[in-house]
Amino acid sequence: MPIENVLLTVVAVVFVFSLILVFLTRYRKCPSDKIMVIYGRVGSDSEGTTRSSRCIHGGASFIIPVIQAYQYLDLTPISINVDLTNALSKQNIRIDVPSRFTVGISTEAGVMQNAAERLLGLRMNEIQELAKDIIFGQLRLVIATMDIEEINTDRDKFLEAVSHNVESELKKIGLRLINVNVTDITDESGYIEALGKEAAAKAINDAKKSVAEKNRDGSIGQAEAQRDERISVSDANSRAVNGENEAKAVIAQSDATRREREAEASRRAVAAEKTAEAQALQEAYAAQQIAEQARAARELATQEADVIIKAEIAKRKLEIEAEAIAEQKRRQARGEADAIFATMEAQARGTQEILTRQAAGLQEIVNAAGGAPEDAVQLILADKIETLVKTQVEAIKNIKIDKVTVWDSGNSQDGKNSTSNFLSGLMQSIPPLSDTFKLAGMKVPSYLGTDVAEKQH
């Protein structure tokens, strides 16, 4: 046999074996306690809509490599402890309803598809929390539509309503309700306890009444039997002592004594019966009084709760409004303070800039004077000399002289006339420039002249 044929045969065998191995590894069987969800390209439904997944409960399926994958949904029941507190009933009384719900993933066709779309990939505790939230909401809804008497006495009706509401909501996420177990229902106001006491008192009173009636029937039957017996005995005695007068007298006396005793016994029986009836009525009235007191306490608690809640709401409203006004005032004050601070800061920066520029200018003047501060001051004064002279002239500028009359010949000893003396004196009334410098704590620069008084010194 040629070597090429051998190689082709080996390749064919390996290929067939690989196909068988792939088929065996991709063929998956679904356990009875799980749902196998195949997702990827799984085809379309009868209406032509592309399905997101295909669910299998029991049986097996081939998983196409690359284009399909699979996961399992666990059908193990989930027990959820729901301790519902402060649930508001139809009578506006808050009650506590501790209960335990058992749920699991449904195997119905449509519901199982919901589970594949909403629960696939979630852990058991996550599914439990999701179901718990739904149960809490539906349980409160059912309690709000029923009276406490219905919830407490007609437990089957309550459980049926809870099961219907809860299961209809659980189906939307792929779960089904397996069992509901509600334990003792309590309330803070004591209304349920008062109902129990009222029922117990009624049962006790009914039992006591039944016992009294039976005792009465027994006493009546005993009296009738004694009456028949007395009649029979009297007939026999009358026939026996018909001819015996002495014996008849003794029998008559004996009969009278017996009748007195029987009457006394009958009187005591009737008195005991009446006493028992009166006691039963008294206990019934007492139980009814307790029930009325409990009902009055319940109504009082309800009215107090309404008043207190309304007052608390009004109080909280006033507190919130006051806090809002205070917060508005605080924000307005902070805004005004920030504005004042910004204004003052801008003014300070402006003043600082002016002083900085003045200091820089003075520094340049000092530098121009060769670093000698006194020479710098002299330069500044030289720059301001025109202003100072102008100020002196302004002192007499506005003097009004309506008329000047000269009476002398215009000659004097120093060669001046009166008019020139007048004007000279007027100008001398102005402080000399050197005096102005001295008042400022400075002296006139040497290049502006020397004061006469300094020359004399």
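Predicted model, so just to flag it, every value in this text is computed and none were measured.

J.: Help me understand the packing of aromatic side chains, please; the structure alone is not making it clear to me.
T.: Describing an aromatic ring pair means giving the distance of the ring centres and the angle of the ring planes. The full count for this structure, using the stated rule, is one aromatic pair. Considering the side-chain rings of Tyr70 and Tyr72, the 5.7 Å spacing of their centres and the 80° angle between planes classify their relative orientation as edge-to-face. We classify Tyr72 as partly exposed; its relative accessible area is 33%.

J.: Help me out: how do you make sense of the sheet that holds strand β2 (residues 34-40) in this one?
T.: Strands in a sheet are paired, the pairing made by backbone hydrogen bonds, and the direction either parallel or antiparallel. If you walk across this open sheet you meet the three strands as β3-β2-β5, and the pairing is antiparallel. With partners counted over all chains shown, the strands left at the sheet margins are β3 (53-56) and β5 (68-74), one partner each. Strand-to-strand twist across the sheet, computed as the mean angle between neighbouring axes with direction ignored, equals 25°. In terms of strand pairing, β2 meets β5 through seven bridges, oriented antiparallel. For Lys34, the partnering residue across the bridge sits in β5 and is Asp74.

J.: How should I be thinking about the nonpolar core in this particular structure?
T.: As a rule of thumb, soluble globular proteins bury nonpolar side chains together. Of all hydrophobic cores here, the largest spans 40 residues; its most connected members are Phe101, Ile143 and Phe158. Among the elements that line this core, the one with the most residues is helix α3 (residues 124-144), at seven residues. Dropping the residues within four chain positions of it, Ile143 is found in contact with Leu84, Ala87, Leu88, Ser89, Lys90, Ile95, Val97, Ile151 and Phe158. In this structure, Met36, Val42, Ile56 and Ile63 belong to the second largest nonpolar core, which totals six residues.

J.: Even after reading the chapter, I still don't get the pattern of salt bridges, so can you show me in this structure?
T.: If charged atoms from side chains of opposite charge come close, those side chains can pair. This model, assessed by the stated rule, comprises 14 salt bridges. The shortest N-O distance in the salt bridge between Arg268 and Glu264 comes to 3.6 Å. With Arg268 and Glu264 both in helix α7 (residues 245-368) and four residues apart, this pair spans about one turn of that helix. With a shortest N-O distance of 3.0 Å, Arg295 and Glu292 are connected by a salt bridge. Placement of both Arg295 and Glu292 in helix α7 is noted, with a separation of three residues, approximately one turn of the helix. Given a relative accessible area of 43%, Glu292 falls into the partly exposed group. By sharing partners, the salt bridges in this structure join Glu323, Glu327, Arg330, Arg331 and Arg334 into a single network.

J.: Would you mind showing me how to read the packing of α3 against helix α5 (residues 155-170) here?
T.: To characterise two packed helices, one gives the angle between the axes of the helices and the distance between these axes. At a minimum axis separation of 9 Å, α3 and α5 run at an interaxial angle of 140°. Relative to α5, the element α3 is oriented oblique. Crossing angle aside, the handedness with which α3 passes α5 is right-handed. Residue-level contacts link Ala131, Ile134, Ile135, Gln138, Leu139, Leu141, Val142 and Ile143 of α3 to Phe158, Ala161, Val162, Asn165, Val166, Glu169 and Leu170 of α5. In the contact of α3 with α5, the residues fall into twelve nonpolar, two polar and one charged.

J.: In this structure, what is going on with helix α2 (residues 109-118)? I would like to understand it.
T.: Those residues of α2 that sit buried are Val111, Met112, Gln113, Ala115 and Ala116. Buried residues along α2 sit in contact with β2, β3, β5, β7 (94-105) and β8 (175-182).

J.: Would you take a moment to explain the state of the cysteines for this structure?
T.: Two cysteines, two sulfur atoms, one covalent bond between them: this is a disulfide. Evaluated as defined, the whole model comprises zero disulfides. The thiol sulfur of Cys55 is not disulfide-bonded, and the nearest other cysteine sulfur, from Cys30, lies at 9.7 Å.

J.: Please clarify how the side chain of Ser89 should be interpreted in this entry.
T.: Checked against the element boundaries, Ser89 lands in the loop between β6 (78-88) and β7. The residues contacting Ser89, other than those within four sequence positions of it, are Ile143, Ala144, Met146 and Ile148.

J.: Even after reading the chapter, I still don't get the confidence of the model for the chain, so can you show me in this structure?
T.: Close inspection of predicted coordinates is inappropriate for parts of the model with low pLDDT. Confidence along the chain averages 77 in pLDDT terms, with 75% of residues attaining 70 or more. Here helix α11 (residues 452-456) stands out as the element of the chain with the lowest mean pLDDT, 47, in contrast to α3, whose mean of 90 is the highest.

J.: What is the right way to look at unusual backbone geometry in this model?
T.: In most cases, non-glycine residues show a negative phi, while peptide bonds are predominantly trans. Within the chain, Val66 stands out as a residue other than glycine whose phi angle is a positive 75°. Following the sequence through the fold, Val66 ends up in the loop between β4 (60-62) and β5. Residue Val66 is classed as exposed on the basis of its relative accessible area, which comes to 83%. Despite not being glycine, Asn86 has its phi angle at roughly 55°, a positive value. Along the polypeptide, Asn86 turns up in strand β6. What makes Asn86 partly exposed here is its relative accessible area of 35%.

Quick notes on the rules
- Residues numbered from 1 in each chain as written.
- Predicted model: local features only at pLDDT ≥ 70, side-chain atom pairs only at ≥ 80, totals over all residues.
- Heavy atoms only, no water.
- Phe/Tyr/Trp six-rings, centres within 6.5 Å; stacked < 30°, edge-to-face > 60°.
- Buried < 20%, exposed > 50% of the residue type's maximum accessible area, 1.4 Å probe, protein only.
- Pairing = 2+ DSSP bridges.
- Helix = DSSP H or I, 4+ residues; strand = E, 2+ residues; numbered from the N terminus.
- Axes fitted to C-alpha atoms, helices over the stretch in contact; angles between N-to-C directions.
- Core = buried A, V, L, I, M, F, W, Y, C linked by side-chain atoms within 4.5 Å.
- Contact = heavy atoms within 4.5 Å.
- Salt bridge = Lys/Arg side-chain N within 4 Å of Asp/Glu carboxyl O.
- Parallel < 35°, antiparallel > 145°, perpendicular 65-115°, else oblique.
- Left-handed = near helix turned anticlockwise from the far one by under 90°.
- Nonpolar A, V, L, I, M, F, W, Y, C, P; charged D, E, K, R; others polar.
- Disulfide = S-S within 2.5 Å.
- pLDDT = per-residue confidence, 0-100.

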